[in-house]
Amino acid sequence: MELIHTSAGKKLYRDGDRLIKSFDESYSKAGILNEALNQARVEQSSLNIPKVLGVSVIDGKWSLTWEFIEGETLESLMEKHPEKTDEYLNMFVDLQIRMSKESVPLLGHLRDKMHAKISASSFPATVRYDLHVRLDGLPRHKKLCHGDFQPSNIIITKDGTPYIIDWSHATQGNGSADAARTYLLFKLQKKDDLAEKYLRLFCEKTDTAIQYVQRILPIVAASQSVKNKPEEAEFLSKWVNVVDWQ
């Protein structure tokens, strides 16, 4: 096996035409099995995603095995070819819109997940209450939501076919909430110009008011805050101040 990527608590190995993701003890068995189940459920859609091939314990560590998709991430391509940013961004948004048209009824609901994260956040009770009320006021959709939709999770094969990877946060719910998270991720990566261009493009293509997505941003920021990353705390706190968005 060839080690191809390491991140906090996880290692990715290539073994021929298989990709093996190995987790350390910081990941719960339930969380790992849920990731495999999410991906297996999304496999039933018409999207191009790597198929789950197995769940096992290797060298005492829980591991997931998928098809290995040969290609390059959209993030890498955007960095290599800045002159193609608009072309790549159009592809990215079109893929997100296509994804949101899929229905995967066995997935958990984004609304429930957001409510739980707001409750688990460290914001004052009055702020949490406001966020819960705002979340309950959103239209109830059942669109497929990725939960971490960003260019690094799109692999483009040699023939130009896009594959969406990393479905550990997949839910069903409001597609604009998924877009709000993508926008937030760009902002957290300090890709401000790309974030604004993305949001305008998404709203144009889906005929969605930018103000509507902006009203969801405090909810998404609060859910992101439970990851407890010190470098994000101040930025997210400003966004959770819901008064600013009223």
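Residues numbered from 1 in each chain as written. Predicted model: local features only at pLDDT ≥ 70, side-chain atom pairs only at ≥ 80, totals over all residues. Heavy atoms only, no water.

Attention now goes to the overall build of the protein. Across its full length, the protein holds 9 helices and 10 strands. For a compact globule of 246 residues, the expected C-alpha radius of gyration is about 18 Å, and the protein comes in at 18 Å, within 12% of that figure. Overall size of the protein, expressed as C-alpha extent along the three principal axes, is 55 × 40 × 35 Å. Considering only residue pairs separated by 6 or more positions, the protein has 65% of its internal contacts joining residues 24 or more positions apart. Only carbon and sulfur atoms are counted for the fraction: they give 51% of the accessible area of the protein, which is about 12,600 Å². Averaged over its 33 positive side-chain charges, the protein has a centre that lies 4 Å from the centre of its 34 negative ones. (Helix = DSSP H or I, 4+ residues; strand = E, 2+ residues; numbered from the N terminus. Rg over C-alpha atoms; globule rule 2.2 N^0.38 Å. Contact = heavy atoms within 4.5 Å. Areas by Shrake-Rupley, 256 points an atom, 1.4 Å probe, with all protein chains shown as cover. Lys, Arg positive; Asp, Glu negative; His and termini not counted. Charge placed at Lys NZ, Arg CZ, Asp CG, Glu CD.)

Here we take up the sheet that holds strand 1 (residues 2-7). Reading across from one edge, 1-2-3-5-4 is the order of the 5 strands in this open sheet, with antiparallel pairing throughout. Both edges of this open sheet fall to strand 1 and strand 4 (52-58), since each of them pairs with a single strand only. In this sheet, neighbouring strand axes are inclined to one another by 20 degrees on average, regardless of whether the strands run parallel or antiparallel. As paired elements, strand 4 and strand 5 (residues 61-67) share 6 bridges and run antiparallel to each other. Following the sheet pairing, V55 is matched in strand 5 by L64. Sitting on the sheet, helix 1 (residues 29-42) is in contact with strand 3 (18-23), strand 4 and strand 5, with an inclination near 10 degrees to strand 5. (Pairing = 2+ DSSP bridges. Axes fitted to C-alpha atoms, helices over the stretch in contact; angles between N-to-C directions.)

All right, on to the packing of aromatic side chains then. Going through the model one piece at a time under the given rule, you end up with 8 aromatic pairs. Seen from their ring centres, F186 and Y198 are 5.7 Å apart, and the 65 degrees between their planes marks the pair as edge-to-face. Here F186, found in helix 6 (residues 175-188), pairs with Y198, found in helix 7 (residues 192-206); they are 12 residues apart in sequence, far enough to count as distant. Accessibility expressed as a relative area gives 1% for F186, which makes it buried. Here the aromatic residues F92, F149, F186, Y198 and F202 are joined through ring pairs into a cluster of three or more. (Phe/Tyr/Trp six-rings, centres within 6.5 Å; stacked < 30°, edge-to-face > 60°. Buried < 20%, exposed > 50% of the residue type's maximum accessible area, 1.4 Å probe, protein only.)

Attention now goes to the sheet that holds strand 9 (residues 162-164). Pairing is antiparallel across the open sheet formed by 3 strands, whose spatial order is 6-8-9. Among the strands making up the open sheet, the edge pair consists of strand 6 (72-73) and strand 9. Across 3 bridges, strand 8 (residues 154-156) lies against strand 9 in antiparallel orientation. Its bridge partner lying in strand 9, I154 is registered against I164.

Let us look at the nonpolar core. Formed by 53 residues in total, the largest nonpolar core has its most connected members in F92, L144, I154, I164, W167 and Y198. Excluding residues within four positions of it along the chain, Y198 makes contact with L89, F92, V93, Q96, A179, T182, Y183 and F186. Core analysis: the second largest hydrophobic core is formed by 7 residues, L12, L19, F23 and A36 among them. (Core = buried A, V, L, I, M, F, W, Y, C linked by side-chain atoms within 4.5 Å.)

Here the focus is the environment of H146. Note on placement: H146 falls in the loop between strand 7 (143-145) and strand 8. It is 9.2 Å that separates the C-alpha atoms of H146 and G175, two residues lying 29 residues apart in sequence. Of the polar contacts made by the side chain of H146, one reaches the backbone oxygen of I165; its length is 2.9 Å. (Polar contact = N/O pair within 3.5 Å; in protein donor to acceptor, adjacent residues only side chain to side chain.)

What follows is about the pattern of salt bridges. In total, this model carries 11 salt bridges according to the counting rule given. Among the salt bridges present, the one from K191 reaches E75, with a minimum N-O distance of 3.4 Å. Here E75 lies in helix 2 (residues 74-80) and K191 lies in the loop between helix 6 and helix 7, a separation of 116 residues in the sequence. The salt bridge partner of E196 is K187, with a shortest N-O separation of 3.4 Å. Residue K187 is classed as buried on the basis of its relative accessible area of 14%. (Salt bridge = Lys/Arg side-chain N within 4 Å of Asp/Glu carboxyl O.)

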